[in-house]
Amino acid sequence: MTPISLEGKALLVTGAAGFIGSNLVKRLLKDTQTATIVGIDNMNDYYDVSLKEYRLKELQDPRFTFVKGDIADRDTIDKLFHDYKPAVVVNLAAQAGVRYSITNPDAYIQSNLIGFYNILEACRHSYDNGQAGVEHLVYASSSSVYGSNKKVPYSTDDKVDNPVSLYAATKKSNELLAHAYSKLYNIPSTGLRFFTVYGPAGRPDMAYFGFTNKLRQGETIKIFNYGHCKRDFTYVDDIVEGVVRIMQGAPEKRNGDDGLPLPPYAVYNIGNNSPENLLDFVDILQQELLRAGVLPGDYDFEAHKQLVPMQPGDVPVTYADTTALERDFGFKPSTTLRQGLRAFAEWYARFYQ
């Protein structure tokens, strides 16, 4: 592994107004003294834009430059790389969500395939004319790539050739494209398979946030697979901790026995390594919403819950094997579901009330 200092360098974060992106920028501003951070986001309306604007407001700092633009636009990306010459690139911009990919495939092809290709090409050309170029490309993959794998916990050594959603297929494609570019152009790249990320100011399309909105409006929440789903819920601060550590450790450039470069390429799981039953998760969420005053003390939860069958594209369990992350970076996510949902409920009470 090649250690990388972030000080004095330009760091590019795509999807900077997103849930993970904005938290990463905040952390980088706190952790570094002399790094400059450039963020890009297209501010699309896949969910409430005011949430993205709220996250951006929290990032006002002379060392942070925000560009409103789309990574699927080649000229925008080329100009960004030309103007700022990023040393480390973290690509978090993507069309997220499994279910949305069933009805809106175009958004995934544009952002997750064409957009990522534009980032790879810009990284490749960052070395033109003897320039120092990009030292490390870190990009978001997803636990969705494991599809309907039966073996748990999911290891990055597992075969992941059976995606059950277009979203998962685009994320697997990102890993394949990055591997090819790492091999052909010696670009150090690391893919991160995130497991069910949650926390304050998260994505409203995620279960915990959607459930909260519905309960508050007196609507019924649907618990899929009759509650027999298990998810490796990972608190956003743990995800960011993993990303920051990995940014600073690029896969090593070295040659194989044939004298040709071996691809400086890696993939890691970032998950909590302890899947929680969906019904237990809902139970803790209820308790924390009551505690934070989001819902009244006499709220009748049973009347607002409905157990329903599994949905297309969903998987019954996600469970991260984080051995490689612990081995290489000395880190393992550890925030408990109660700690994380408490932080979310308290934020929600402030933001919406």
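It should be noted that the structure appears before, not after, this text.
Along every chain, residues carry numbers that run from 1 in the direction the sequence is written. Confidence filtering applies because this is a predicted model: local features only for residues at pLDDT of at least 70, side-chain atom pairs given and counted only at 80 or more, and all residues used for totals across whole chains, interfaces and linings. Think of the side-chain values as coming from all heavy atoms in the structure, minus any hydrogens and water.

A. Spotlight on the overall build of the protein chain. A count of helices and strands for the protein chain gives 11 helices and 17 strands. For 353 residues, the compact-globule estimate of 2.2 N^0.38 gives 20 Å, and the C-alpha radius of gyration of the protein chain, at 20 Å, lies within 12% of that figure. C-alpha extents for the protein chain along the principal axes are approximately 70 × 45 × 40 Å. Summary of the burial criterion: residues with accessible area below 20% of their type's maximum are buried, those above 50% are exposed, and those between are partly exposed, where the area comes from a 1.4 Å probe applied to protein chains only. By residue count, 55% of the 353 residues in the protein chain fall in the buried class. Contact between two residues is taken to exist if any of their heavy atoms lie within 4.5 Å; hydrogens are not considered. Restricting to contacts in the protein chain with at least 6 residues of sequence separation, those with at least 24 account for 83%. Here a helix means four or more residues in a row that DSSP labels H or I, a strand means two or more in a row labelled E, and each is numbered from the N terminus. Within these notes, the globule rule equals 2.2 Å times the number of residues to the 0.38 power, and the radius of gyration is based on C-alpha atoms.

B. Looking closely at the packing of helix α7 (residues 207-216) against helix α9 (residues 278-291). Each axis is a line fitted through C-alpha atoms, and for a helix only the stretch in contact is used; angles between axes span 0 to 180 degrees, taken between their N-to-C directions. Between α7 and α9, the least distance of the axes is 11 Å, while the angle of their chain directions is 50 degrees. Compared by their axis directions, α7 and α9 come out oblique. Crossing hand, α7 versus α9: right-handed. Across from Tyr208, Phe211, Thr212 and Leu215 in α7, the residues of α9 making contact are Phe281, Val282, Leu285 and Leu289. Put simply, Ala, Val, Leu, Ile, Met, Phe, Trp, Tyr, Cys and Pro go in the nonpolar bin, Asp, Glu, Lys and Arg in the charged bin, and everything else, Gly too, in the polar bin. The residue makeup of the contact of α7 with α9, split by class, is 7 nonpolar, 1 polar and no charged. In these notes the angle categories are as follows: under 35 degrees is roughly parallel, over 145 is roughly antiparallel, 65 to 115 is roughly perpendicular, and the rest is oblique. Less than a right angle of anticlockwise turn of the near helix away from the far helix marks a crossing as left-handed, whereas a clockwise turn marks it as right-handed.

C. Molecular detail of the pattern of salt bridges. Definition used for salt bridges: Asp or Glu carboxyl oxygen within 4 Å of a side-chain nitrogen of Lys or Arg. As enumerated under the stated definition, the model contains 19 salt bridges in all. Arginine 27 serves as the salt-bridge partner of aspartate 31, at 2.7 Å between the closest nitrogen and oxygen. Here the residue aspartate 31 and the residue arginine 27 both occupy positions in helix α1 (residues 19-31), the gap between them amounting to 4 residues, near one helical turn. In this structure aspartate 31 comes out as partly exposed when scored by relative accessible area, which is 34%. Between aspartate 78 and arginine 74 there is a salt bridge, with the nearest N and O atoms lying 3.4 Å from each other. Here arginine 74 and aspartate 78 lie together in helix α3 (residues 74-84), a separation of 4 residues that amounts to about one turn. Under the relative-accessibility criterion, arginine 74 is labelled partly exposed at 29%. Salt bridges here are not isolated pairs; linked through shared partners, they connect Arg27, Lys30, Asp31, Glu241 and Arg245.

D. Representation of a nonpolar patch on the surface within the structure. A residue counts toward a patch only above 30% relative accessible area and without a salt bridge, and it is joined to like-charged neighbours within 9 Å or, for Val, Leu, Ile, Met, Phe, Trp and Tyr, to nonpolar neighbours within 5 Å. Shrake-Rupley sampling with a 1.4 Å probe provides the accessible areas, and residues are treated as covered by the protein chains on show and by no other component. On the surface, a cluster of nonpolar side chains totalling about 270 Å² of accessible area is made up of Tyr226, Leu279 and Leu307. Mapped onto the elements of the fold, tyrosine 226 is located in the loop between β9 (221-223) and β10 (230-231).

E. View of the packing of α7 against helix α11 (residues 337-352). Viewed as axis vectors pointing N to C, α7 and α11 meet at an angle of 50 degrees, and their least axial separation amounts to 12 Å. Overall, the two elements α7 and α11 adopt an arrangement that is oblique. In terms of crossing hand, the pair formed by α7 and α11 is right-handed. Counting all contacts with α7, which are made through Tyr208, Phe209, Thr212, Asn213 and Arg216, the residues of α11 involved are Leu341, Phe344, Trp347, Tyr348 and Tyr352. For the contact of α7 with α11, the class distribution of residues is 7 nonpolar, 2 polar and 1 charged.

F. Structural detail: the sheet that holds strand β7 (residues 189-194). Paired strands are those between which DSSP finds at least two bridges. Spatially, 7 strands are ordered β4-β3-β2-β5-β6-β7-β15 in an open sheet, and the strand pairing comes out parallel. Two strands bound the open sheet, and with one partner strand each, they are β4 (64-68) and β15 (265-270). Strand-to-strand twist across the sheet, computed as the mean angle between neighbouring axes with direction ignored, equals 15 degrees. Direction of pairing for strand β3 (residues 36-41) relative to β4: parallel, over a ladder of 5 bridges. Residue isoleucine 40 lies in a different strand from β4, and its bridge partner there is valine 67. Relative to β3, α3 is tilted by about 175 degrees, and along the sheet it contacts β2 (10-14), β3, β4 and β5 (88-91).

G. Seen up close, the pairing of β7. Of all 6 residues in β7, 6 are buried, a share of seventy percent or more. Of the two faces of β7, the one lined by Ser189, Gly191 and Arg193 and the one lined by Thr190, Leu192 and Phe194 are each fully buried. Pairing analysis gives 6 bridges linking β7 to β15, with the strands arranged parallel. Note that in β15 the partner of threonine 190 across the bridge is alanine 266.

H. Structural view of helix α2 (residues 49-57). Those residues of α2 not exposed but buried are Leu51, Lys52, Arg55 and Leu56. Projected down its long axis, α2 carries its buried residues within an arc of 140 degrees, all on one side. This arc describes the spread of directions from the helix axis toward the C-beta atoms.

I. Representation of the environment of tyrosine 265 in the model. Note on placement: tyrosine 265 falls in strand β15. You can call tyrosine 265 partly exposed: its relative accessible area is 23%. It is 8.1 Å that separates the C-alpha atoms of tyrosine 265 and isoleucine 187, two residues lying 78 residues apart in sequence. Sequence-distant contacts of tyrosine 265, defined by excluding residues within four places in its chain, comprise Tyr139, Glu175, Ala178, His179, Ser182, Ser189 and Pro251. What qualifies as a polar contact is a pair of N or O atoms within 3.5 Å, subject to a donor-acceptor requirement within protein and to the restriction that residues adjacent in sequence count only when both atoms come from side chains. Polar side-chain contacts of tyrosine 265 include one of 3.2 Å to the backbone oxygen of glutamate 175.

J. Region of the structure containing the packing of aromatic side chains. Only Phe, Tyr and Trp rings take part, Trp by its six-membered ring, and two of them pair if their centres are within 6.5 Å. Stacked means planes under 30 degrees apart, edge-to-face means over 60, and tilted covers everything else. A full pass over the atoms with the stated rule returns 30 aromatic pairs. Judged by centre distance (4.2 Å) and plane angle (5 degrees), the ring pair of phenylalanine 233 and phenylalanine 281 falls under stacked. Of the two residues, phenylalanine 233 is situated in the loop between β10 and β11 (234-235) and phenylalanine 281 in helix α9; the sequence distance between them amounts to 48 residues. Of the two residues, phenylalanine 233 and phenylalanine 281, both sit in the buried class. An angle of 35 degrees between the planes, with centres 6.1 Å apart, marks the rings of phenylalanine 344 and tryptophan 347 as tilted. Highlighted residues: phenylalanine 344 and tryptophan 347, both in helix α11, separated by 3 residues, approximately one helical turn. The two residues phenylalanine 344 and tryptophan 347 agree in class, both being buried. Among the aromatic residues, those joined into a ring-pair cluster are Tyr54, Tyr198, Tyr208, Phe209, Phe233, Tyr235, Phe281, Phe344, Trp347, Tyr348, Phe351 and Tyr352.

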